[in-house]
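Understanding the architecture of this molecule
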Amino acid sequence: MDTRLGFTIGIFLFYVTLLGFGSGYPSPKILPGFKKLAHGVSSGPVTLLDTKRVLIKNLRYDGAGPDAYFVVGKGGVPNLHGYKVQNEIGSSDVLKGYDGVDVELTLPGKLTFNDIDYLSIYCVAFEEDFGHVLIPSNLDLPEYSYDN
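Residues numbered from 1 in each chain as written. Predicted model: local features only at pLDDT ≥ 70, side-chain atom pairs only at ≥ 80, totals over all residues. Heavy atoms only, no water.

1. Focus on the sheet that holds strand 4 (residues 53-61)
Here four strands make up an open sheet; going across it, the order is 1-3-4-7 and the pairing antiparallel. Edge strands, defined here as strands with exactly one partner in the open sheet, are strand 1 (29-31) and strand 7 (98-106). Across the sheet, the mean angle from the axis of one strand to that of its neighbour is 20°, orientation sign disregarded. (Pairing = 2+ DSSP bridges. Helix = DSSP H or I, 4+ residues; strand = E, 2+ residues; numbered from the N terminus. Axes fitted to C-alpha atoms, helices over the stretch in contact; angles between N-to-C directions.)

Following this line, the structure appears as structure tokens:
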């Protein structure tokens, strides 16, 4: 087999596995980490576990934003029209710092990942996106179970 063809097939199979295409069943989706913009925001992979829950691996944020929250919403860039998401302990307080921890969040109300375009650490007071991950459209995720 030609080396280039083998490499191409390998890359294709990697993306099929990564994005869950072809399985016929809803599956979690692994996305790249947060785009780094300010206040040391970064992360490892971001996994959409089901229609409402996300796992952010190795999240880093310096905690210095005066009015920063997890925010989700529509549009190409995070903005004031998004929805605040409670942190991993169910608090709506301003975010504290994160030093390489794994964080699981649940979208509020009836929102699902099919309703949004981004997840951001966003400073409301200064209307500044500290870092975000874009959410692809037409996701085939497992349904959220309210028993979680």
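We are not done yet, so read on.
2. Side note on the sheet that holds strand 2 (residues 35-36)
With respect to topology, five strands assemble into an open sheet ordered 2-9-8-5-6, the strand pairing being antiparallel. Two strands in the sheet have a free side with no partner beyond their single neighbour: strand 2 and strand 6 (83-85).

3. Digging into the confidence of the model for the protein chain
Confidence in the prediction of the protein chain, expressed as mean pLDDT, is 89, and 84% of residues score 70 or more. For residues 16-20, every residue scores under 50 in pLDDT, and the model assigns this stretch six contacts once sequence neighbours within four places are set aside. (pLDDT = per-residue confidence, 0-100. Contact = heavy atoms within 4.5 Å.)

4. Points about the nonpolar core
Counting residues in hydrophobic clusters, the biggest one holds 30 residues, and the most contacted among them are I56, F70, F113 and I121. Contributing elements (two or more residues each) for this core: strand 3 (46-48), strand 4, strand 5 (68-73), strand 7, strand 8 (118-123) and strand 9 (128-134). Of all the elements, strand 4 adds the most residues to this core, at four residues. In this view, F113 contacts L48, D50, T51, K52, R53, V54, L107, I135, L139 and L141; residues no more than four positions away in its chain are not counted. (Core = buried A, V, L, I, M, F, W, Y, C linked by side-chain atoms within 4.5 Å. Buried < 20%, exposed > 50% of the residue type's maximum accessible area, 1.4 Å probe, protein only.)

5. Brief notes about unusual backbone geometry
Peptide bonds are trans in most cases, and residues, glycine excluded, mostly fall at negative phi. Unusually for a residue other than glycine, H39 sits at a positive phi of about 55°. With respect to the helices, strands and loops of the structure, H39 is situated in the loop between strand 2 and strand 3. Judged by relative accessible area, which is 26%, H39 ranks as partly exposed. Even without being glycine, N138 reaches a positive phi, approximately 55°.

6. Section: the pairing of strand 4
Note: strand 3 against strand 4, three bridges, orientation antiparallel. Counted as the bridge partner of T47 is L55 from strand 4. In textbook terms, the turn of a hairpin is the stretch between consecutive antiparallel strands, and for strand 3 and strand 4 this stretch comprises four residues.

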